[in-house]
Amino acid sequence: MKTNVSSVKLKVLSIVGCGGLGKTTLANQVYQSVKSHFSCTAFVSVSRNPDVKKILRDISKEVGILYNILDHDEKQLIDELRKHLREKRYLIVIDDIWDAKPWETIKLALVNKNCESRVITTTRSTAVASCLSSQGCNVYQMKSLSFQDSKRLLLKRAFGSENLSCTHLGSVPDEILRKCDGLPLAIITISSILADKHAKCEWDRVLHDIGSTLAKNTSAEKMTAILSMSYFDIPCHLRTCLLYLSVFPEDYKIQKQRLINRWSAEGFIHEEEGQTKYEMGEGYFNDLINRSMIQPVDVKYGQAEACRVHDIILDYIKCKAVEENFVTSLDAVEHVYSSGYKVRRICVSNHAEENVAIWADPILSHVRSVTMFCQKTIKTSLLRSTALRVLDLGDCLYMDNNHIANIEKFFHLKYLSLCSYSITKLPEKIGELQYLQTLDVRLTSIKELPSTITKLQRLAHLYVDYKVRFPDGMIGQMHGLEELREYGVQSYEQGKTLEEFSKLTNLRTLNLRWYFDSFFDTEGRREAEDCHSYAGTLLSSCNLYNLYITDSSHDNYYPLLLDSWHPAASCSLRKLYIKNCAIYKVPNWMGSLGNLAVLKLNAILCLFYLRLVTVGGTKGRIIIHGSNGFRNLKYFSLRIDCCGTALDFREGSMPNLEHVKLMFGVHKRECLNGASSLGIQHLSALSKVEIKISGNCIRDSNYDPTEDENDGAIKWVASAINSAVVTHPNRPTVRFETKRFEGCEHFEYFMREFNKLLGGLLTEWLKIWQIEEEQTQQEQTDGLNRRITDEEEQTGGEEGEEEADIEEEDTYEEEGEEQSAEGT
């Protein structure tokens, strides 16, 4: 990472080691630690059977190429990537490369400019690692864990603490570790079996089982033998759910929502009183994570939204699935599986981009599940099986209406997923699928649902794009609905249909998105207010657990009036997200939501994670008092977009806060309205501080105020904060980042100007924020001076920095929302 003559060019570092040694974990740790130093980043997997075009598409998406590249060939993708990365400093991780051939194509897209870009690769082959790395010398050879590190890992995973005394277990832990041979995946797998088991007899049993398993499999790999023991240790119902994951390709990110709904359709989830099938399925999902059989992905607020299966574990369960005739995996084929067994579940993967055909063979007449991962057209209509329960075509991008014309023949179907822009409508006869539980038609071109959907009284999970229209009166008739993502509202008439949701007593999750053409006329404002009011009735008339509201209007300036909402006293709401909606006051009733766990809006007492973005504070101050509020908060992020606001943490405030991230502008000392250290010293539990300051300075991703020779405003505030951190009894870590941004516009001036632009729409806001509608003569002069400065001042920044600033969409980078499961 050091900047010198030799590091200016693109460098490639290869991490090499056997399976289960932790290569991906290490690469991800490094990636997460340093990615803030780069303007764009990506983390993609290659795996054994690479689809290079898909890999290039994944890189393109992650580095910020937002336009449609679905139909691009390899050359077009390479050209787009080279153009996009040309003047950027990027970090890209290419995980799990098995041979050098795909790399030869991928590296064509990686521009080797003098921008200090970095690429990290992981591989099991030393020869491949040497070929991939820069000059063949940047190879990091991973080693097995030392005995002491192995023991620390075992105890921490088994008991939650690496310092726990376990003398009563004698030498058993050491003997178990010797059999694991320093392999992290083996240790984690064994420790999951031993989790919270303190009795010596339990540890003796595991040691005996390991010895027996290895003795019976003398020629087998040690990891496979340990996995076998772990597999048979889990309950039978979880074993079935785990085997089911063998339908997904290697390194595939499996969405929790998709997986649980499929488990339910297959009949794998056992119902219990007081819990829905989906809630039971979440328990299964979390249990597999806790047993280290699957890896959590996209962890937010302590909950994983997706998972991956380690390739060693996937190899194992694929073999078990074949042994038990549980899943039949096929490549792009012109003929079907020829075994004498009846095929239960088919998984078709097409890597060669050939047209796929599945013939109507008698051996497939009892198929219960079909999953297809195809990049080309399916040549024939789908197979005929009246026993079909699951039809997952969510990764088939080139299907059309003909392929689903006779969908009603699958009358036992419980799960249907489609994803192709060539599908423009659902057949009317879809209403005959009386057992359908899940319907997912996102990313299709369907504009309106057929009225026969109301016949699907078992339909519990409906996923549509927000522009899909529902026929009048349909919502109120879908009595089995538990989850709807997402319902779009773009007119007063559609907004009024929100009242129909009060009839759906089983509804638990609702995702709303409204988008009005304009709020500037009286009629538009009235319609918006009515729709806001209808949305508020959902909290008083439904049993919702999760409510997500997004405003996608072009002119989304009209405030959401939450004071008019009146949740029921027994409101069961657990998650409330309100996104892109202008809100100037947090209502008192939010404090009465006793079941609320996640609020993506503002402060509430039970929050662990809080992220705020504001243009400024009332009377130029934001004060975090110590007498009330935020007692459980562990992470706090605050971004102040305009100057002129002081931030002050008072003594006793946020007593459990561990990580604080603050972003604000400082062009001169007045920009902080008298604040200096911000009261950082009063955050008693603090362990990590991140400060991003914008102003008249150069970009520095690791700014050190003690080395700054300029005695300016940025050094002044950074030094004050640094002194507070250094003298803090916890000695928290601190990192400063500076960014050039010359637009010094103070909060009150900005709000007045914005109110004029909107024709007085924010007049009530100005009163609430105690801002006079007329600015002083001095403010007018300051505003004029700021405009002249912004237009004419020349800076001595580094070459290319100004262009980079123009390309950024916002004053600061968007703050990532992922939090570790341990952190919450």
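Thresholds applied
- Along each chain, numbering runs from 1 in the same order as the chain's sequence is written.
- Reporting of local features is limited, given that this is a predicted model, to residues whose pLDDT is at least 70; pairs of side-chain atoms are given and counted only at 80 or more, and all residues count toward the totals for whole chains, interfaces and linings.
- Note that water and hydrogens are dropped before the side-chain values are worked out from all heavy atoms of the structure.
- Only Phe, Tyr and Trp rings take part, Trp by its six-membered ring, and two of them pair if their centres are within 6.5 Å. Stacked means planes under 30 degrees apart, edge-to-face means over 60, and tilted covers everything else.
- Working definition: helices are DSSP H or I runs of at least four residues, strands are E runs of at least two. Numbering for both runs from the N terminus.
- Strands were regarded as paired on the criterion that DSSP finds at least two bridges between them.
- To get an axis, fit a line to the C-alpha atoms, keeping to the stretch in contact for a helix; angles then go from 0 to 180 degrees between the N-to-C directions.
- Any two residues whose heavy atoms approach within 4.5 Å are treated as being in contact.
- Exposure above 30% relative accessible area and the lack of any salt bridge qualify a residue for a patch; like charges then connect within 9 Å, and the nonpolar side chains Val, Leu, Ile, Met, Phe, Trp and Tyr within 5 Å.
- Per-residue and other accessible areas were derived by the Shrake-Rupley procedure at a 1.4 Å probe size, with only the shown protein chains allowed to occlude residues.
- Just to be clear on terms, a salt bridge is a Lys or Arg side-chain nitrogen sitting within 4 Å of an Asp or Glu carboxyl oxygen.
- When charges are tallied, Lys and Arg are placed among the positive residues and Asp and Glu among the negative ones, while His and the ends of the chain are skipped.
- By convention, charge coordinates are those of NZ in Lys, CZ in Arg, CG in Asp, or CD in Glu.
- Burial classification: accessible surface area is computed with a 1.4 Å probe over protein chains only, and a residue below 20% of its type maximum counts as buried, one above 50% as exposed, and the rest as partly exposed.
- Any angle between 65 and 115 degrees counts as roughly perpendicular, while under 35 counts as roughly parallel, over 145 as roughly antiparallel, and the rest as oblique.
- By convention the crossing between two helices is left-handed if the near helix lies anticlockwise of the far one by an angle smaller than a right angle, and right-handed if it lies clockwise.
- Three residue categories are used. Nonpolar comprises Ala, Val, Leu, Ile, Met, Phe, Trp, Tyr, Cys and Pro, charged comprises Asp, Glu, Lys and Arg, and polar comprises the others, including Gly.
- One less than the number of residues in a helix, times 1.5 Å, gives the span that helix is expected to have.
- Nonpolar core, defined: a set of buried Ala, Val, Leu, Ile, Met, Phe, Trp, Tyr and Cys residues in which side-chain atoms within 4.5 Å join the residues together.

The name an unreviewed UniProt entry gives the protein chain is NB-ARC domain-containing protein, with Urochloa decumbens as the organism.

What the rule picks out here adds up to 17 aromatic pairs. Between F750 and F754 the ring centres are 5.6 Å apart and the planes differ by 20°, which places this aromatic pair in the stacked class. Placement of both F750 and F754 in helix α18 (residues 747-757) is noted, with a separation of 4 residues, approximately one turn of the helix. One aromatic cluster is present, built from ring pairs that chain together Y231, F232 and Y316.

Let's shift gears to the sheet that holds strand β2 (residues 40-45). Here we have 5 strands laid out as an open sheet, ordered β2-β3-β4-β1-β5, and parallel in their pairing. Strands at the two margins of the open sheet, each flanked by one partner only, are β2 and β5 (139-141). Direction aside, neighbouring strands of the sheet carry axes that sit 15° apart on average. Where strand β3 (residues 90-97) lies against strand β4 (residues 118-123), 5 bridges are found, and the strand directions are parallel. The partner of I92 across the bridge, within β4, is V119. Contacting β1 (11-16), β2, β3, β4 and β5, helix α1 (residues 23-34) crosses the sheet at an angle of about 170° to β2. Those strands touched by helix α2 (residues 52-63) are β2 and β3, and its axis lies near 150° from that of β2.

Let us look at a positive patch on the surface. The grouping of K9, R82, R86 and K113 at the surface amounts to a positive patch. Relative to the assigned elements, R82 resides in helix α3 (residues 74-85).

Positionally, N511 belongs in strand β17 (residues 509-514). What makes N511 buried here is its relative accessible area of 12%. Apart from the residues within four sequence positions on either side, N511 is in contact with L484, R485, E486, Y487 and Y548.

So, on to the side chain of D251. Mapped onto the elements of the fold, D251 is located in the loop between α11 (236-244) and β6 (254-255). Nearest to the buried, unbridged D251 among oppositely charged side chains is R308, at 5.6 Å. Look past the residues within four positions of D251 in its chain and what remains in contact with it is S45, V46, S47, D96 and R308.

One pass over the structure, following the stated rule, counts 34 salt bridges. Via salt bridges that share partners, E202, R205, D233, D287 and R291 belong to a single interconnected network.

With respect to the helices and strands, the residue D704 is situated in the loop between β27 (700-703) and α17 (713-726). Assessed through its relative accessible area of 30%, D704 is described here as partly exposed. With 32 residues separating them in the primary sequence, D704 and F736 have C-alpha atoms 6.9 Å apart.

Tracing the chain through its elements places V309 in the loop between β8 (303-308) and α14 (311-323). Classification of V309 as buried rests on a relative accessible area of 8%. Sequence separation of V309 and Y252 is 57 residues, and the distance between their C-alpha atoms is 7.8 Å. In contact with V309, not counting residues within four places along its chain, are L245, I254, M293, I294, L314 and I317.

With that out of the way, let us pick up the packing of helix α7 (residues 172-180) against helix α8 (residues 184-193). Relative orientation of the contacting elements α7 and α8 amounts to 140°, with a least axis distance of 9 Å. Comparing the axis directions of α7 and α8 gives the class oblique. Of the two elements, α7 crosses α8, and the hand of that crossing is right-handed. Judged by residue contacts, I176, L177 and C180 of α7 engage A186, I187 and I190 from α8. Residue composition of the contact of α7 with α8, by class: 6 nonpolar, no polar and no charged.

An ideal rise of 1.5 Å per residue puts 18 Å on 13 residues; α14 measures up with 18 Å between its terminal C-alpha atoms. In the segment just after α14, N325 is the residue with positive phi, at about 50°.

The next subject is the nonpolar core. Counting 78 residues, the largest nonpolar core has I176 and W263 as its most contacted members. In this structure, W263 is in contact with C241, Y244, F268, I269, G281, Y284, F285 and L288, ignoring residues within four places of it in sequence. Ranked by size, the runner-up nonpolar core spans 72 residues in total, among them I446, Y487, I549 and W565.

Let us now look at the environment of S133. On the secondary structure map, S133 appears in the loop between α5 (126-132) and β5. Judged by relative accessible area, which is 5%, S133 ranks as buried. Taking the C-alpha atoms as reference points, S133 and I120, 13 residues apart in sequence, are found 8.5 Å from one another.

Geometrically, the link from R485 to E486 is a cis peptide bond, its omega value of -15° lying close to zero. By secondary structure assignment, the location of E486 is in strand β16 (residues 483-489).

Glancing now at the packing of helix α6 (residues 147-159) against α7. In contact at an axis separation of 10 Å, α6 and α7 are set at 110° when each is read in the N-to-C sense. In terms of axis orientation, α6 runs roughly perpendicular to α7. The way α6 lies across α7 gives a crossing that is right-handed. Judged by residue contacts, F147, S150, K151 and L154 of α6 engage P173, D174, L177 and R178 from α7.

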